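Chain and residue survey
Okay, here's what each chain looks like letter by letter:
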Number of protein chains: 2
Amino acid sequence: MQTTGPDFDRVFAALGDATRRDIVRRAIAGVEGVAELADHYPMSFAAVQKHVAVLERAGLVTKQRSGRRKVVRTHVEGLRAAQRLLDRYEELWRGRIDRMTALITTTKERNK
Amino acid sequence: MQTTGPDFDRVFAALGDATRRDIVRRAIAGVEGVAELADHYPMSFAAVQKHVAVLERAGLVTKQRSGRRKVVRTHVEGLRAAQRLLDRYEELWRGRIDRMTALITTTKERNK
DNA sequence: ACGCTATACAACTGTATGGTTGTATCAATG
DNA sequence: CATTGATACAACCATACAGTTGTATAGCGT
């Protein structure tokens, strides 16, 4: 399994901030520019711009020119990469449960 | 939708470090103590202990006394909370696609 | 060309974080 | 009960990060 890979660091760290998660959510609609996003938060334009840059480096959003604006869109594949990693943990977990169940079963069998 | 809630901050931030993700993975087996975990990484015992504490605060692992050791186990519900949030983003994404598709369809209808 | 709007980026500040070493607690064992 | 092993915690350092302000670039409207 691969728990390393520089991008998981960036993806999860990027998601570890409530403002950035909210930007991801809003950017699903894919219609707002950076300034419009910034209006939703109690911080400067530059701060929001930095958050967007973090999300962009993590591959969670992309920016696309549209006139003088840059529209921010969430890049769903980035989210899916994170989901897949969590899914693999779940599989490992289920595997462990199965092994424990098997162990208990065979023990019972032996004790019959 | 709720993207806030203090725990998502902690959960995702905790997962944003490769060492901690590896600890989560190893702790699925649920047999190693802190010292045993620490042997796997090129850092001090105290550093690993801090990582475990971060994971514990995020609700991703629990520690259980076993003799003089404390066995670290991953708490799968913490992982599932993160998964569910990502799932909701996916749903929003699909909803957007559906709406776009509907828009295109009705546009075509109108142009018939 | 000029001004206005949206974005980008650099420099700075305070605080959080990852790492270290050293000391303290607690449980098993001789 | 003194020692050893496993864990916990505090103090400290270096670096990263979230926020700020200020300046620079790019595109639109007049």
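Read on for an overview of the structure. (Residues numbered from 1 in each chain as written. Chains lettered and ligands numbered in written order. Predicted model: local features only at pLDDT ≥ 70, side-chain atom pairs only at ≥ 80, totals over all residues. Heavy atoms only, no water.)

1. What to know about the protein's contact with DNA strand C
Surveying the vicinity of DNA strand C reveals 20 residues, the closest of which are Ala35 and Gln49 of chain A together with Ser44, Lys50 and His51 of chain B. For DNA strand C, the fraction of atoms within 4 Å of the protein that belong to sugar or phosphate moieties is 61%. Contacts to DNA strand C include Arg20 of chain B, whose side-chain N or O atom sits 2.9 Å from a phosphate oxygen. Between a phosphate oxygen of DNA strand C and a side-chain N or O atom of His51 of chain B, the distance comes to 2.2 Å. At the level of secondary structure, the elements contributing two or more residues to the surface near DNA strand C comprise α3 (34-38), α4 (45-57) and β2 (69-74) of chain A together with α4 (45-57) of chain B. (Near = heavy atom within 4 Å. Polar contact = N/O pair within 3.5 Å; in protein donor to acceptor, adjacent residues only side chain to side chain. Helix = DSSP H or I, 4+ residues; strand = E, 2+ residues; numbered from the N terminus.)

2. So, the nonpolar core
Among the nonpolar cores identified, the biggest contains 54 residues, and Phe12, Leu60, Leu79 and Leu86 of chain A together with Phe12, Leu60 and Leu86 of chain B are the most heavily contacted of them. Sequence-distant contacts of Leu86 of chain A, that is, excluding residues within four places in its chain, are made with Phe12 of chain A together with Leu15, Leu79, Ala82, Gln83 and Leu86 of chain B. (Core = buried A, V, L, I, M, F, W, Y, C linked by side-chain atoms within 4.5 Å. Buried < 20%, exposed > 50% of the residue type's maximum accessible area, 1.4 Å probe, protein only. Contact = heavy atoms within 4.5 Å.)

3. Quick word on the relation of the copies chain A and chain B
A rotation about an axis combined with a shift along that same axis relates the two copies of the chain. The two copies are related by a screw operation: chain A maps onto chain B through 180° of rotation and 0.0 Å of translation along the axis, at an RMSD of 0.0 Å. In symmetry terms, the pair is related by a two-fold rotation axis. A symmetric contact is evident, with 100% of the interface residues of chain A recurring at the interface of chain B. (Least-squares fit on C-alpha atoms with pLDDT ≥ 70 in both.)

4. Thoughts on the protein's contact with DNA strand D
Close to DNA strand D lie 20 residues; Ser44, Lys50 and His51 of chain A together with Ala35 and Gln49 of chain B are nearest. Considering the 4 Å shell around the protein, atoms of DNA strand D inside it are sugar or phosphate in 60% of instances. Here a sugar or linking oxygen of DNA strand D sits 3.0 Å away from a polar atom, N or O, in the side chain of Arg68 of chain A. Lys70 of chain B is positioned with one of its side-chain polar atoms (N or O) 3.0 Å from a phosphate oxygen of DNA strand D. Counting residues per element, the ones that place at least two in the surface near DNA strand D are α4 of chain A together with α3 (34-38), α4 and β2 (69-74) of chain B. Per-class residue counts for the surface near DNA strand D are 7 nonpolar, 5 polar and 8 charged. (Nonpolar A, V, L, I, M, F, W, Y, C, P; charged D, E, K, R; others polar.)

5. A few points about the interface of chain A and chain B
Taken together, the contacts link 33 residues of chain A with 33 residues of chain B. Between chain A and chain B, the buried area comes to about 2,900 Å², and carbon and sulfur atoms account for 62% of it. Here chain A and chain B share 4 salt bridges between them. Across the pair Arg21 of chain B and Asp9 of chain A runs a salt bridge, and its minimum N-O distance is 2.8 Å. In terms of residues, the side of chain A that touches chain B owes the most to one element, helix α5 (residues 76-110) of chain A, which gives 13 residues. Looking at the side of chain A that touches chain B residue by residue, the class counts come to 17 nonpolar, 6 polar and 10 charged. (Buried area = accessible area lost by both parts, 1.4 Å probe. Salt bridge = Lys/Arg side-chain N within 4 Å of Asp/Glu carboxyl O.)

6. Thoughts on the packing of helix α2 (residues 18-27) of chain B against α4 of chain B
Residues and elements named next belong to chain B. It is at 10 Å that the axes of α2 and α4 come closest, and there the two elements cross at 75°. In terms of orientation, α2 lies roughly perpendicular with respect to α4. Counting all contacts with α2, which are made through Thr19, Arg20, Ile23 and Val24, the residues of α4 involved are Val48, His51, Val52, Val54 and Leu55. Considering only residue class, the contact of α2 with α4 consists of 6 nonpolar, 2 polar and 1 charged. (Axes fitted to C-alpha atoms, helices over the stretch in contact; angles between N-to-C directions. Parallel < 35°, antiparallel > 145°, perpendicular 65-115°, else oblique.)

7. Quick word on a negative patch on the surface
Taken together, the side chains of Asp87 and Glu91 of chain A together with Asp87 and Glu91 of chain B make up a negatively charged region of the molecular surface. Contributing elements (two or more residues each) for the negative patch: α5 of chain A together with α5 (76-111) of chain B. Within the element layout of this structure, Asp87 of chain A appears in helix α5. Look at Asp87 of chain A and you get partly exposed, because its relative accessible area is 35%. (Patch = residues over 30% accessible without salt bridge, like charges linked within 9 Å, V, L, I, M, F, W, Y side chains within 5 Å. Areas by Shrake-Rupley, 256 points an atom, 1.4 Å probe, with all protein chains shown as cover. Lys, Arg positive; Asp, Glu negative; His and termini not counted. Charge placed at Lys NZ, Arg CZ, Asp CG, Glu CD.)

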